[in-house]
Amino acid sequence: AIMYDLQNDGDHEILISMAHTIQEPNIISRGVTKIYRPDSLTSVISDDIVPNSIKLNQNYPNPFNPSTTIKFELNQLSNISIKVFNILGKEITTLLNKELSPGSYTIDWEARDSNGQLLPSGVYLIRLTANNNAGNYTQTIKTLLLK
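(A) Highlighting the overall build of the protein chain. The secondary structure content of the protein chain amounts to zero helices and 10 strands. Taken over 147 residues, the protein chain has a buried fraction of 27%. With an accessible surface of roughly 10200 Å², the protein chain has 51% of that area assigned to carbon and sulfur atoms.

Written out as structure tokens, the structure is:
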């Protein structure tokens, strides 16, 4: 299948050709080409898969220096907060605080505090908190910054 502006009207049509079908002996077949226009009943949509649950994945790399990637998944519209704490429980920085739609997300963290200062080596806790119609959800992972 290809997309092409066959009518030169600025709208792309989808052209699906069956001319490449394999011809079998004793079977009569005919090549068919179908043009799907924007006003037809066929539509092209993305195959975004909605996760089954809210999940905070382990960051990678771990241990890390100087930055790490944090992945998380949402199964419904949620107010999300991702914060980093030191091993004593003191809040270091807030990486994210906003409402997000269902889907998979990534955040990169450069091991800086809320003032932009580089952090020393050590163990840090990354906590995801989600608030939505189903209630509240919290998950924490441990990560190690090595310099």
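Back to the write-up after that little detour.
(B) Spotlight on the sheet that holds strand β4 (residues 55–56). One open sheet accounts for three strands, arranged β4-β5-β8; its pairing is antiparallel. Strands with a single pairing partner mark the edges of an open sheet, and in this sheet they are β4 and β8 (103–109). Direction of pairing for β4 relative to strand β5 (residues 68–74): antiparallel, over a ladder of two bridges. If you follow Leu56 over to β5, its bridge partner there is Phe72.

(C) The environment of Ser78, seen in detail. Its place among the elements puts Ser78 in strand β6 (residues 78–86). Given the relative accessible area of 1%, Ser78 is considered buried. C-alpha of Ser78 to C-alpha of Ala130: the two residues are 52 residues apart in sequence and 5.9 Å apart in space. A distance of 2.9 Å separates the side chain of Ser78 from the backbone oxygen of Gln76, its partner in a polar contact.

(D) Region of the structure containing the confidence of the model for the protein chain. Overall, the prediction assigns the protein chain a mean pLDDT of 81, with 71% of residues at 70 or greater. Segment residues 40–47 is flagged for pLDDT under 50; beyond a separation of four residues in sequence, or across chains, it makes two contacts in the model.

(E) Quick peek at unusual backbone geometry. Omega for the peptide link from Tyr60 to Pro61 comes to -10 degrees, which places this bond in the cis form. Along the polypeptide, Pro61 turns up in the loop between β4 and β5. Note the cis peptide between Asn62 and Pro63, where omega equals 5 degrees. Even without glycine at this site, Ala111 takes up a positive phi of about 60 degrees. Tracing the backbone shows Ala111 in the loop between β8 and β9 (122–132). Residue class for Ala111 comes out buried when judged on its relative accessible area of 2%.

The rules we used
- Residues numbered from 1 in each chain as written.
- Predicted model: local features only at pLDDT ≥ 70, side-chain atom pairs only at ≥ 80, totals over all residues.
- Heavy atoms only, no water.
- Helix = DSSP H or I, 4+ residues; strand = E, 2+ residues; numbered from the N terminus.
- Buried < 20%, exposed > 50% of the residue type's maximum accessible area, 1.4 Å probe, protein only.
- Areas by Shrake-Rupley, 256 points an atom, 1.4 Å probe, with all protein chains shown as cover.
- Pairing = 2+ DSSP bridges.
- Polar contact = N/O pair within 3.5 Å; in protein donor to acceptor, adjacent residues only side chain to side chain.
- pLDDT = per-residue confidence, 0-100.
- Contact = heavy atoms within 4.5 Å.

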